[in-house]
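One letter stands for each residue in the lines below.
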Amino acid sequence: MRTPLIAGNWKMNKTLDEALAFARYLGEHAPKNGVETLICAPAPLLYSLADALAGTRVALGAQNMHHEAQGAFTGEISAAMIKDTGATYVILGHSERRQLFGETDASVNRKTICALKEGLTPILCCGESLEEREADRTTEVIKAQVISGLHGIAEADVTKVVIAYEPIWAIGTGKTASSADANEVCAAIRGIISDLYSDKAAESLRILYGGSVNTDTVKGLMAEADIDGALVGGASLAAESFHSLTTF
Ligand code: PEP
């Protein structure tokens, strides 16, 4: 049985006061039993949020990291630094990182390996552009991203990875994939894992959908067989909205 995961991606939003108010709300409003919940916050908020969320059932994650353990990489943070804060997850290869900051499949792969080595759970993002979808290239694009992202990762580790299928055309646009379309791609990803590793690995690895998920669409998405959760941007910013996503 795969535990459902509802993950919020705050992106570059929230001051410390706003983050703490959010954490207080989640302390008073628990998620549905059996649902794992996660907030991926900007790095400067992680230490304080880890304290504020202690005792709640909400885990904490970062939104990016460097693939080296340390060194002359001004402005970057390492996996060990993230772990020190109390965070246990890290989003890797988000399409905004790929499009705006030049991340490649190869760099995302190095980060994924490094996160696993440090004991963090990577959320490995993949997704096609509108152009690629319209050219019927979705499966091909996703397959290439998943194969490269997991290159060199052994079966014992791959089930610790969470994959997030996030079609680029659905992120922050209000256009969500239908539950059936999202499930079709998530099922294809499970097939790729089965071919690369085994049926057993494919059955235990969690696959999230992301792209304008909101309180109206989450229930339908979560009812699909191959969707194990959601990675949510905009609708994770208000505490009430995030909480209602976690009680789908
Ligand atoms: C995201 O940032 O990963 C995301 C899916 O954003 P939104 O929910 O706003 O589309």
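This structure is a prediction, so every number in the text was calculated from the model and none was measured. (Residues numbered from 1 in each chain as written. Predicted model: local features only at pLDDT ≥ 70, side-chain atom pairs only at ≥ 80, totals over all residues.)

1. Overview of the site of the ligand
What surrounds the ligand is a group of 15 residues, the closest being Ile171, Gly210, Ser212, Gly233 and Gly234. The residue makeup of the shell around the ligand, split by class, is five nonpolar, eight polar and two charged. (Near = placed C-beta within 6 Å. Nonpolar A, V, L, I, M, F, W, Y, C, P; charged D, E, K, R; others polar.)

2. Some thoughts on the pairing of strand 6 (residues 162–165)
Both faces of strand 6 are covered, namely the face carrying Val162 and Ala164 and the face carrying Ile163 and Tyr165. In this sheet, strand 7 (residues 206–210) lies alongside strand 6 in parallel orientation, the contact comprising four bridges. Across the sheet, residue Val162 finds its bridge partner in strand 7, namely Arg206. (Buried ≥ 20, exposed ≤ 12 C-beta atoms within 10 Å, placed from the backbone. Helix = DSSP H or I, 4+ residues; strand = E, 2+ residues; numbered from the N terminus. Pairing = 2+ DSSP bridges.)

3. Points about helix 7 (residues 138–149)
Three or four residues apart is the spacing at which side chains of an α-helix point the same way, because the helix has 3.6 residues per turn. Along its twelve residues, helix 7 runs 16 Å from first to last C-alpha, staying within 8% of the 16 Å computed at 1.5 Å per residue. For helix 7, the set of buried residues is Thr138, Ile142, Gln145, Val146 and Gly149. Looking down the long axis of helix 7, one finds its buried residues gathered within 95° of arc, a one-sided arrangement. The inward-facing, buried residues of helix 7 abut helix 5 (105–118), strand 5 (121–126), helix 6 (130–134), strand 6 and helix 9 (179–196). (Expected span 1.5 Å × (residues − 1). Arc of directions from axis to C-beta. Contact = placed C-beta atoms within 7 Å.)

4. Notes on the pairing of strand 7
For strand 7, the tally of buried residues reaches five of five residues, placing the bulk of the element in the interior. Alternating residues of strand 7 divide into Arg206, Leu208 and Gly210 and Ile207 and Tyr209, and every residue in both groups is buried. Sheet analysis places strand 7 next to strand 8 (residues 229–232), joined by three bridges and oriented parallel. Following the sheet pairing, Leu208 is matched in strand 8 by Gly229.

5. Thoughts on the UniProt feature "binding site: substrate" (unreviewed entry) in the chain
Under the present numbering, the feature "binding site: substrate" (unreviewed entry) in UniProt falls on Asn9, Trp10, Lys11, Gly172, Ser212, Gly233 and Gly234. The largest pairwise C-alpha distance within this set of annotated residues, which runs over 226 residues, is 13.8 Å, so the set is compact in three dimensions. Relative to the elements of secondary structure, Gly172 occurs in the loop between strand 6 and helix 9. Given 13 C-beta atoms within 10 Å, Gly172 falls into the partly exposed group. Setting aside its immediate chain neighbours within four residues, Gly172 contacts Gly233 and Gly234. Tracing the backbone through its elements, the reader meets Gly233 in the loop between strand 8 and helix 12 (239–245). Gly233 sits in the buried class, given 21 other C-beta atoms within 10 Å. Setting aside its immediate chain neighbours within four residues, Gly233 contacts Asn9, Lys11, Ile171 and Gly172. (UniProt positions renumbered as here; feature names shortened; annotations may be inferred.)

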